[in-house]
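Next come the chains, spelled out residue by residue.
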Amino acid sequence: MADYEVRKGGNLAGVFSSRSKAERFARKLGKPEAKSKTKKARGKAVSRNSVGPSEWLLRGLEYQCWPPMLFDDGSVGMVTEVLYDPDYWAENYTREELLLDGVEPYGEIYIDRYSLDTGELSEGACYLYWQDDTLGSWCRRNGEPMPVRKLPEEVWDMLENADEDMRRELERSVPELRRLRFA
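Residues numbered from 1 in each chain as written. Predicted model: local features only at pLDDT ≥ 70, side-chain atom pairs only at ≥ 80, totals over all residues. Heavy atoms only, no water.

Another point: unusual backbone geometry. Backbone geometry places Asp132, a non-glycine residue, at a positive phi of 75 degrees. On the secondary structure map, Asp132 appears in the loop between strand S7 (127-129) and helix H4 (135-142). Residue classification places Asp132 among the partly exposed residues on the basis of a relative accessible area of 40%. One non-glycine residue, Ala162, adopts positive backbone phi at about 50 degrees. Checked against the element boundaries, Ala162 lands in the loop between helix H5 (154-161) and helix H6 (164-170). (Helix = DSSP H or I, 4+ residues; strand = E, 2+ residues; numbered from the N terminus. Buried < 20%, exposed > 50% of the residue type's maximum accessible area, 1.4 Å probe, protein only.)

Printed below as a string of structure tokens:
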């Protein structure tokens, strides 16, 4: 399974909260079984995927949604890749406008975010990305808040459903949810 690639060369099979979730997701996509990459260090298994979401590479995404993340403005968001249509962009922009350091765009993504203070959803606009772009470089270039850390997958479901019981349960692992106010 081609998970989120990271600049240090690993993948993020650890993006999923458990290996079984990664395997189920891979099977749903018709991909080979996902395997967690770990190495032994002083007798303990240590994940090679310890980089934060701002270092995740945008290239190589093969499915639509990333896990929910906490952003530095206090919002919770999810990155979504859309089907890149070069013809649409070519019709609306000149070739020079589409190049970044002489390189053509590789794809496009957007980030939907929930404000924890209001519980309101803010739908993001689509912006292009280029090969070797990280999520952090994309956010800086497009004026988006920076991703701080990955959150459990259940957080997004809780926000979409305004589930107060699930929020109280998730507060243990995500203390920032204590300030969440549903719209």
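Right, let's get into H5. Where H5 is concerned, the buried positions are Val155, Trp156, Met158 and Leu159. The buried residues of H5 occupy one face: seen down the axis, they fall within an arc of 160 degrees. Residues of H5 that are buried in the fold lie against strand S4 (76-82), strand S5 (107-114), strand S6 (121-122) and H6. Ala162 occupies a position one or two residues after H5 and carries a positive phi of about 50 degrees. (Arc of directions from axis to C-beta. Contact = heavy atoms within 4.5 Å.)

Moving on, we come to the side chain of Glu108. As for its position among the elements, Glu108 is in strand S5. Engagement of the side chain of Glu108 in a polar contact is seen with the side chain of Trp89, the distance being 3.0 Å. Setting aside anything within four residues of it in sequence, one finds Glu108 in contact with Thr80, Glu81, Val82, Leu83, Tyr84, Asp85, Trp89, Cys126, Tyr127, Leu128 and Tyr129. (Polar contact = N/O pair within 3.5 Å; in protein donor to acceptor, adjacent residues only side chain to side chain.)

For the rest of this paragraph, the subject is the pairing of S5. With seven of its eight residues buried, S5 lies for the most part within the structure. Note that S5 and S7 share three bridges and pair antiparallel. Along S7, the bridge assignment pairs Ile109 with Tyr127. As defined by bridge partners, S5 adjoins S6 across two bridges and the pair is classed as antiparallel. Within S6, the position partnered with Arg113 by the bridge is Ser122. (Pairing = 2+ DSSP bridges.)

According to the stated counting rule, one finds six aromatic pairs in the structure shown. Between Tyr88 and Trp89, the ring centres sit 5.5 Å apart and the planes meet at 85 degrees, which makes this aromatic pair edge-to-face. Ring centres of Tyr114 and Trp156 lie 5.1 Å apart, and the angle between their planes is 70 degrees; on these two criteria the pair is classed as edge-to-face. Of this pair, Tyr114 sits in strand S5 while Trp156 sits in helix H5; the two residues are 42 residues apart in sequence, bridging distant segments of the chain. This pair shows no difference in class: Tyr114 is buried, exactly as Trp156 is. One aromatic cluster is present, formed by Tyr88, Trp89 and Tyr93 through successive ring pairs. (Phe/Tyr/Trp six-rings, centres within 6.5 Å; stacked < 30°, edge-to-face > 60°.)

With that settled, the discussion passes to the confidence of the model for the chain. Of the residues in the chain, 69% have a pLDDT of 70 or more, and the chain-wide mean is 77. Under a pLDDT of 50 for its full length, residues 1-48 has, in the predicted model, 88 contacts with residues more than four places off or in other chains. (pLDDT = per-residue confidence, 0-100.)

A word on H4. A large share of H4 lies buried, amounting to six of its eight residues. When H4 is considered as a whole, its buried residues turn out to be Leu135, Gly136, Ser137, Trp138, Cys139 and Asn142. Gly143 sits one or two residues past H4 and shows a positive phi near 70 degrees.

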